[in-house]
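Chain residues, written in single-letter form:
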Amino acid sequence: MKENESNEFFVIKAKENGVNVIGLTRGNETRFHHSEKLDKGEVMLAQFTEHTSAVKVRGKAVIYTRHGEVDTEG
Ligand code: TRP
C-alpha cells in the first residue's frame, strides 16, 4: 500500500439537493480536480488518495469519519 493510501473512507450524506463534494489535489499545487453533486439523501463514500489530500463540502450535509461526525451549516 502506498503512502497516503489506506482502506479508510468517509461518508458524506446530503441534507439538501445540490451538495457539492469537491476533491483537492495533493502536492505543491492545491486545486479542485473533481466536483460531485449529491441530491438530498444521497450518500457518497470516499477516500483520501494519492491524488486527493483534501475535500471541501459545499451545502447542507453530514460527514462521518472515524474521528466523528460533523455537519455543515450550509
Ligand atoms: N480520482 C480521485 C482520486 O482517486 C477520486 C476521489 C477520491 C475523489 N477521493 C475523492 C473525488 C474525494 C472527490 C472527493 O483521488
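Details of the structure are given in the entry above.
Just so it is clear, the structure is predicted and the values come from calculations on it, not from any experiment.

Teacher, can you tell me more about the pattern of salt bridges here?
Close approach of charged atoms allows side chains with opposite charge to pair. Following the criterion strictly, the structure yields two salt bridges and no others. The closest approach of N and O atoms between Glu 8 and Arg 66, which form a salt bridge, is 4.0 Å. Of this pair, Glu 8 sits in the segment before β1 (10-14) while Arg 66 sits in the loop between β6 (61-65) and β7 (68-71); the two residues are 58 residues apart in sequence, bridging distant segments of the chain. Taking relative accessible area as the criterion, Arg 66 reaches 64% and is therefore assigned exposed.

Is there a simple way to explain the packing of aromatic side chains in this structure?
Given two aromatic rings, one states the distance between the centres and the angle between the planes to describe the pair. Under the criterion given, the structure shown has one aromatic pair. Between Phe 10 and Phe 48 the ring centres are 5.0 Å apart and the planes differ by 35°, which places this aromatic pair in the tilted class. Of this pair, Phe 10 sits in strand β1 while Phe 48 sits in the loop between β4 (43-46) and β5 (52-58), and the two are 38 residues apart along the sequence. Judged by relative accessible area, which is 7%, Phe 10 ranks as buried.

Help me out: how do you make sense of the layout of surface pockets in this one?
If you roll a probe as big as a water molecule over the atoms, it shows you where there is empty space left. If you add up the space inside the largest pocket, you get close to 270 Å³. Lining the largest pocket are 15 residues, and of these Glu 8, Phe 9, Phe 10, Phe 48 and Thr 65 lie nearest its centre. If you list the elements that add at least two residues to the lining of the largest pocket, you get β1, β5 and β6. Per-class residue counts for the lining of the largest pocket are seven nonpolar, five polar and three charged.

Quick question: what am I supposed to make of the nonpolar core here?
Soluble, globular proteins show a tendency: their nonpolar side chains are buried together. Within the largest apolar cluster, nine residues are counted, these being Phe 10, Ile 12, Ala 14, Val 19, Val 21, Leu 38, Ala 46, Ala 61 and Ile 63. Elements represented by at least two residues in this core include exactly β1, β2 (19-25) and β6. When residues of this core are assigned to their parent elements, the largest contribution, three residues, is made by β1. Beyond its immediate stretch of four places on either side in the chain, Ala 61 contacts Ile 12, Lys 13, Ala 14, Lys 15, Val 19, Val 70, Asp 71 and Thr 72.

What exactly am I supposed to notice about the sheet that holds β1 here?
Working definition: the strands of a sheet are paired by backbone hydrogen bonds and lie parallel or antiparallel to each other. With respect to topology, four strands assemble into an open sheet ordered β4-β1-β6-β7, the strand pairing being antiparallel. The open sheet terminates on both sides in strands that have one partner only, identified here as β4 and β7. Looking at each pair of strands side by side, their axes are set apart by 15° on average, direction ignored. Sheet analysis places β1 next to β6, joined by four bridges and oriented antiparallel. When the sheet's bridge partners are listed, Ile 12 is paired in β6 with Ile 63.

Conventions and cut-offs
All residue numbers here refer to positions counted from 1 along the written sequence of the relevant chain. In view of the model being predicted, local features appear only for residues whose pLDDT reaches at least 70, and side-chain atom pairs are presented and counted only at 80 or more, with totals across whole chains, interfaces and linings using the full set of residues. As a rule here, side-chain values come from all non-hydrogen atoms in the structure, and water together with hydrogens is ignored. Throughout this description, the term salt bridge denotes a Lys or Arg side-chain nitrogen within 4 Å of a carboxyl oxygen of Asp or Glu. Helix and strand definitions here come from DSSP, where helices need a minimum of 4 consecutive H or I residues and strands a minimum of 2 consecutive E residues; each element is numbered from the N-terminal end. Burial here depends on accessible area, computed with a 1.4 Å probe over protein chains only, as a share of the maximum for the residue type. Under 20% is buried, over 50% is exposed, and the range in between is partly exposed. The aromatic pairing rule takes the rings of Phe, Tyr and Trp, using the six-membered ring of Trp, and pairs them if the centres are within 6.5 Å, calling planes under 30 degrees apart stacked, those over 60 edge-to-face and the rest tilted. Put simply, the grid is 1 Å and covers the protein atoms alone, a cavity is a trapped set of points that fit a 1.4 Å probe, a pocket is an open set with protein on both sides within 12 Å along at least five of seven lines, and lining residues have an atom within 4 Å of a point. Grid points are joined across faces, edges and corners, and a volume is the space filled by probe spheres set on the points. Amino acids are sorted into nonpolar (Ala, Val, Leu, Ile, Met, Phe, Trp, Tyr, Cys and Pro), charged (Asp, Glu, Lys and Arg) and polar (every other residue, Gly among them). Take the buried Ala, Val, Leu, Ile, Met, Phe, Trp, Tyr and Cys residues and link them wherever side-chain atoms come within 4.5 Å; each set so joined is a nonpolar core. Contacts were defined at the residue level, with two residues in contact if any of their heavy atoms lie within 4.5 Å. Two strands qualify as a pair provided that DSSP identifies no fewer than 2 bridges between them. Axis geometry follows a simple rule: fit a line to the C-alpha atoms, using only the stretch in contact for helices, then measure angles between N-to-C directions, giving values from 0 to 180 degrees.

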